[in-house]
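In case you want the letters, here they are:
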Amino acid sequence: MSKRVGRELRVRFAPSPTGYLHVGGARTALFNWLWARREGGVFVLRIEDTDVTRSERRFVEGILKALSWLGLDWDELYYQSGRLDVYRAYAERLLREGKAYRCFCTPDEIAQRLKGLRGVEYDGRCRDLSPDQVEKYLAEGRKPAVRFIVPEEKKHTAYLDFLRGEIEFKRLTTGDFVIMKSDGTPAYNFACVVDDYEMGITHVLRAEDHISNTPKQIWLYEALGWEPPEFGHLSMILGPDKRKLSKRHGATSVEELRDHGFLPQAVVNYLALLGWSHPEGKEILSLEELVEAFSLERVTLSPQIFDFERLRWFNRKHLARLPSGELLQAAEPFLKWLGEEALADREKLTKALGLVVPSVSTLSELVGHPDLIALFRRPTLSNEVLNELSQGKKLEVLEKIVARLPSRLTRDDLRPLVRKVAAELGLKPRDVFHPLRLALTGRDKGPELAAVCEILGTEEVLARLSQALATTKSER
Ligand code: GLU
């Protein structure tokens, strides 16, 4: 672990594993990552898992997986839960130096005493306990928290935010705040300061909701005799109703977006544009292009609305850009329902996706997609369809097509074939296409029939037409 040396940019993303990776967190991670990659700096991932009651292993794994899925790799990884001794040692130091004290008040006692006092977090009761009293409480087995002493004069404070300029706080009402909880784990502000220092973080880039923590963190740096990093705060991400984005607004975790069939390329592209814009106004950008173009100068501070429709638009664009091999890989989890045999035919699948994907916004729309059904399952013709096929010259049409089918049907063969059959029977091409589509797919609409035929292959086309002919005749 390196303390701050030289000028190398060192930034971090510090999620608390108390839930899945939220799009707000992902945006913070992305901006830090883009900045680090752009500047040849270091991107640190720090899991803030000291709150044992709320942190869960599965969330840690989920966050790591979600970041990897987005394509955001990290250079260093730390777990706060593995560093408890470090925080304890620094808390001891502050205690020895008289900058912190042990507090034996229980939350209930504090709540009782402060009832009716608005904005006051703690009244400082334990600040002046004598060493004897402290010993006595400890001997009784009471477990103290450690509180940091906030001198009155510090409560009017300011810091320079590298995105927002000077931020001034007038008469903060914060009391002496807890840095170590009574269970021996550190409070967020303390662990964060110790780690940002020890991990040599040069710039803290995080969301606006942490602005109010910044003064506390700066006081801790001062008390510990360390130079603080620079702080910058991004705007918030809001739901379409302009309220803070939350579960109420639907799928807001990266995992959920993945499960809905959004591509990671689309998600990072969209998130990058939530508070940043390309200098030439380009919208569709790959991760590499984002790294190339990213700069803090183009970060905007207005609140950003997370708009699902817009994300879907980005997804369609990225689906269209994806090379067929990658598309197949991305689509596979959404194709399981087609069955093993279909999944084994990679060539057919690739062609089928080329035909069907332009009609969807997310890959989950492939599940049960009627065009895929038509391509992979021989249709059972409904009575309605059978009835229709028995009308007019439709059976003749099918018979003629069967008779004239080339041994290897390609996309380009169908139109001339249809024209020829139409001419022979004195019909319009559309009167040939229609029964053909009905017989092949059981439906009266769908994607371009020539492409459908090519994907099905001559053998399958022949089999479906023969079956349609036989069934229609037997029903008559
Ligand atoms: N663990 C904090 C959070 O998830 C990190 C805040 C920070 O970046 O300092 O909100």
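One can find the structure itself at the top, above this paragraph.
As the structure is a computational prediction, the values presented were derived from the model and not from experiment.

**Student:** Please give an account of the site of the ligand that cites residues and values.
**Tutor:** For the ligand, the full set of nearby residues is R12, A14, P15, S16, E48, Y188, C192, R206 and H210. At 2.6 Å, a side-chain N or O of R12 approaches an oxygen atom of the ligand. E48 places a side-chain nitrogen or oxygen 2.6 Å from a nitrogen atom of the ligand. Here the ligand has 300 Å² of accessible area as a free molecule, and 80% of this is covered by the chains. Because more than half of its atoms lie within 2 Å of the grid, the ligand is assigned to the largest pocket.

**Student:** I'd like a rundown of the side chain of R464, residues and numbers included.
**Tutor:** With respect to the helices and strands, the residue R464 is situated in helix α21 (residues 458–475). We classify R464 as buried; its relative accessible area is 3%. Separated by 2.9 Å, the side chain of R464 and the backbone oxygen of L440 make a polar contact. In this view, R464 contacts A374, L375, F376, R377, R378, P379, A439, L440 and L456; residues no more than four positions away in its chain are not counted.

**Student:** Outline the sheet that holds strand β5 (residues 145–148), listing residues and values.
**Tutor:** If you walk across this open sheet you meet the three strands as β4-β5-β8, and the pairing is antiparallel. For this open sheet the edge positions go to β4 (100–103) and β8 (177–180), each flanked by a neighbour on one side alone. For this sheet the average axis-to-axis angle between neighbouring strands, irrespective of direction, equals 45°. For β4 and β5, the ladder comprises four bridges, and the chain directions are antiparallel. Bridging from a neighbouring strand, A100 pairs with F148 of β5. The sheet strands contacting helix α3 (residues 84–96) are β4, β5 and β8, and the helix crosses β4 at an angle near 105°. Against the sheet, helix α7 (residues 214–224) contacts β5 and β8, and its axis sits at roughly 60° relative to β8.

Scoring rules and cut-offs
- Residues numbered from 1 in each chain as written.
- Predicted model: local features only at pLDDT ≥ 70, side-chain atom pairs only at ≥ 80, totals over all residues.
- Heavy atoms only, no water.
- Near = heavy atom within 4 Å.
- Polar contact = N/O pair within 3.5 Å; in protein donor to acceptor, adjacent residues only side chain to side chain.
- Areas by Shrake-Rupley, 256 points an atom, 1.4 Å probe, with all protein chains shown as cover.
- 1 Å grid on protein atoms, 1.4 Å probe; cavity = no way out; pocket = protein on both sides within 12 Å on 5 of 7 lines; lining within 4 Å.
- Sits in = over half its atoms within 2 Å of the grid points.
- Helix = DSSP H or I, 4+ residues; strand = E, 2+ residues; numbered from the N terminus.
- Buried < 20%, exposed > 50% of the residue type's maximum accessible area, 1.4 Å probe, protein only.
- Contact = heavy atoms within 4.5 Å.
- Pairing = 2+ DSSP bridges.
- Axes fitted to C-alpha atoms, helices over the stretch in contact; angles between N-to-C directions.

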